[in-house]
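Chain by chain, the residues:
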Amino acid sequence: MSTNKDQIHFSSKLESLYFHFNRGKNNLFAYFLNRVKWHLYPKFNYISKFPEHVDMELSSACNMRCPMCYTITENYIKNVKRTNMTLQRIEKVLKECGEKNLYSLRLSWRGELTLNQSWIEAIKMAKKYGIKEVSTLTNALLLTPDKFEQMLKAGLDWLTISVDGTGEKYNEIRAPAKFDDLIDKLKKFKEIKKKYNSVKPVIKVQTIWPAIKDNPEEYFSTFRPLVDQVTCNQLVDYLAQDDPNKMVHAPKFNCHVLYQRLTIGADGRILLCYNDEFDKHILGHVDEDSLENVWHGKKMSEARAVHKKNKGIEVYEACKKCFLPREHESFTTVNIGKRKIPIDKLIARSQDVSISKKYKGRENSSNK
């Protein structure tokens with residue numbers, strides 16, 4: 001199985017080890033077992049009784065208009081209903097996940113979870129039902145220190161914050177957020193964790209490579225004292241603009257996602273994959289189907305059979321545009337202290353965020 005890993009770790013190996021230790025704290029054996037299953041199940045095409053992980057989108061709307069993001073495209077605006085998941089649906093999903101001993105849950109996908117007023121309650125509920133790892137991704141625009149404290153007390157294990165650059169570059173890409181405000185928040189988040197003597201939630205920051213290409217060491221040195229892990233993502237084709245004729249795919253790609261996780265949109269629809277951002281392949285709906293039945297259902301079984309024949313990119317529209325099957329190449333190397341970190345990119349993929357400027361400024365408000 002050939003898969004491309006788009007994330008680059010700027011943190012040292014020792015820092016990454018501490019991150020994983022703290023991420024799994026209080027459940028270290030279960031966390032280790034989960035990591036083994038995560039990598040071995042796809043390798044042997046093993047179908048577990050229930051997915052190891054569920055992505056449950058609390059909101060499909062966003063309060064930013066980042067120029068490289070699919071949420072501002074006409075395709076997304078036309079095909080994806082921007083809404084918030086109801087508390088009734090949230091509880092229905094979490095109850096089943098708890099009964100089936102789900103290991104990890106992510107409360108976000110495409111949109112910004114803090115636009116759903118039930119997001120703190122969702123964390124509490126997930127913990128009530130016994131889910132060992134609860135995580136989320138946020139842009140932190142609405143994440144105040146008070147909300148962070150509530151989130152910590154609710155039991156969140158892992159928080160990822162998308163930052164995309166430093167200083168004015170961040171202000172440009174992540175408008176209307178301000179970089180100085182973000183740094184001030186992170187300092188207060190660290191103080192709150194110290195107040196409660198808690199390593200959780202572990203905090204990871206991530207950026208796209210074009211946003212820090214001129215100052216990668218400044219990016220690392222700015223965030224390293226404030227968070228648990230510092231990462232960078234190559235700029236993949238979020239906007240579905242790449243020429244399919246120029247893409248280079250791995251000759252034998254059997255997607256690992258189909259053996260690891262399920263994704264649920266804010267409207268309750270169950271998707272084939274978390275990389276199906278435009279809702280092209282619907283497996284079911286939480287109002288009508290159990291996650292277990294969908295996991296072992298006809299559509300998912302067909303998708304696994306297609307991928308085992310290495311035909312996924314020929315059959316599924318989302319797979320044709322996905323970054324996972326695409327081959328990558330060495331792009332550049334950055335110096336972080338005494339360490340040299342290689343940066344890869346997808347073959348025939350620009351690493352220039354300006355290619356998406358034409359989308360900048362499109363409205364993307366919530367339909368609550």
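Residues numbered from 1 in each chain as written. Predicted model: local features only at pLDDT ≥ 70, side-chain atom pairs only at ≥ 80, totals over all residues. Heavy atoms only, no water.

1. What to know about helix α4 (residues 87-99)
Step number 1: Across its 13 residues, α4 extends 18 Å between first and last C-alpha, which sits within 8% of the 18 Å expected from 1.5 Å per residue.
Step number 2: By the burial criterion, the buried members of α4 are I90, V93, L94, E96 and C97. The buried residues of α4 all sit within an arc of 160° when viewed along its axis, so they share a single face. The exposed residues of α4 that point more than 90 degrees off its buried face are Q88 and E99.
Step number 3: The inward-facing, buried residues of α4 abut β2 (53-56), β3 (104-106), α5 (119-128), β8 (261-264) and α10 (291-295). (Helix = DSSP H or I, 4+ residues; strand = E, 2+ residues; numbered from the N terminus. Expected span 1.5 Å × (residues − 1). Buried < 20%, exposed > 50% of the residue type's maximum accessible area, 1.4 Å probe, protein only. Arc of directions from axis to C-beta. Contact = heavy atoms within 4.5 Å.)

2. Some points on the pairing of strand β12 (residues 339-346)
Step number 1: Strand direction decides the pairing type here: strand β11 (residues 328-336) and β12, joined by 8 bridges, are antiparallel. The partner of T333 across the bridge, within β12, is P342.
Step number 2: If you look at the hairpin formed by β11 and β12, you'll find 2 residues sitting between the two strands, and G337 has a positive phi there, around 65°. (Pairing = 2+ DSSP bridges.)

3. Considering the layout of surface pockets
Step number 1: Volume-wise, the second largest pocket comes out at about 350 Å³.
Step number 2: Taken together, 18 residues form the lining of the second largest pocket, with K37, E52, K100, N101 and Y103 sitting closest to its centre.
Step number 3: Tallying contributions element by element places helix α2 (residues 28-43) first for the lining of the second largest pocket, with 6 residues.
Step number 4: For the lining of the second largest pocket, the class distribution of residues is 9 nonpolar, 3 polar and 6 charged. (1 Å grid on protein atoms, 1.4 Å probe; cavity = no way out; pocket = protein on both sides within 12 Å on 5 of 7 lines; lining within 4 Å. Points joined across faces, edges and corners; volume = space filled by probe spheres on them. Nonpolar A, V, L, I, M, F, W, Y, C, P; charged D, E, K, R; others polar.)

4. Description of the confidence of the model for the protein
Step number 1: Put simply, the protein has an average pLDDT of 93, and 94% of its residues get 70 or more.
Step number 2: Residue range residues 358-368 is modelled with pLDDT below 50. Its contacts to residues more than four positions away, or to other chains, number 29 contacts. (pLDDT = per-residue confidence, 0-100.)

5. So, empty space enclosed by the protein
Step number 1: All chains considered together, the criterion is met by 2 cavities of 30 Å³ or more.
Step number 2: Of the volumes computed, that of the largest cavity is approximately 110 Å³.
Step number 3: Taken together, 13 residues form the lining of the largest cavity, with C255, C273, H307, C319 and C322 sitting closest to its centre.
Step number 4: Residues of the lining of the largest cavity, tallied by class, amount to 10 nonpolar, 2 polar and 1 charged.

6. Observations regarding the packing of helix α6 (residues 145-154) against helix α8 (residues 179-195)
Step number 1: Remark: α6 packs on α8, axes separated minimally by 10 Å, with the N-to-C direction vectors making an angle of 35°. Of the two possible hands of crossing, α6 and α8 adopt the one that is right-handed. Packed against α6, whose contacting residues are P145, F148, E149 and L152, the element α8 presents K188, F189, I192, K193 and K195 at the interface.
Step number 2: A class-by-class count of the residues in the contact of α6 with α8 yields 5 nonpolar, no polar and 4 charged. (Axes fitted to C-alpha atoms, helices over the stretch in contact; angles between N-to-C directions. Left-handed = near helix turned anticlockwise from the far one by under 90°.)

7. Observations concerning the nonpolar core
Step number 1: One finds F10, M56, L105, I161, F223 and L291 to be the most contacted residues of the largest nonpolar core, which totals 99 residues.
Step number 2: When neighbours within four sequence positions are excluded, I161 is seen to be in contact with L137, T138, N139, A140, L182, L186, F189, I203, K204, V205 and Q206. (Core = buried A, V, L, I, M, F, W, Y, C linked by side-chain atoms within 4.5 Å.)

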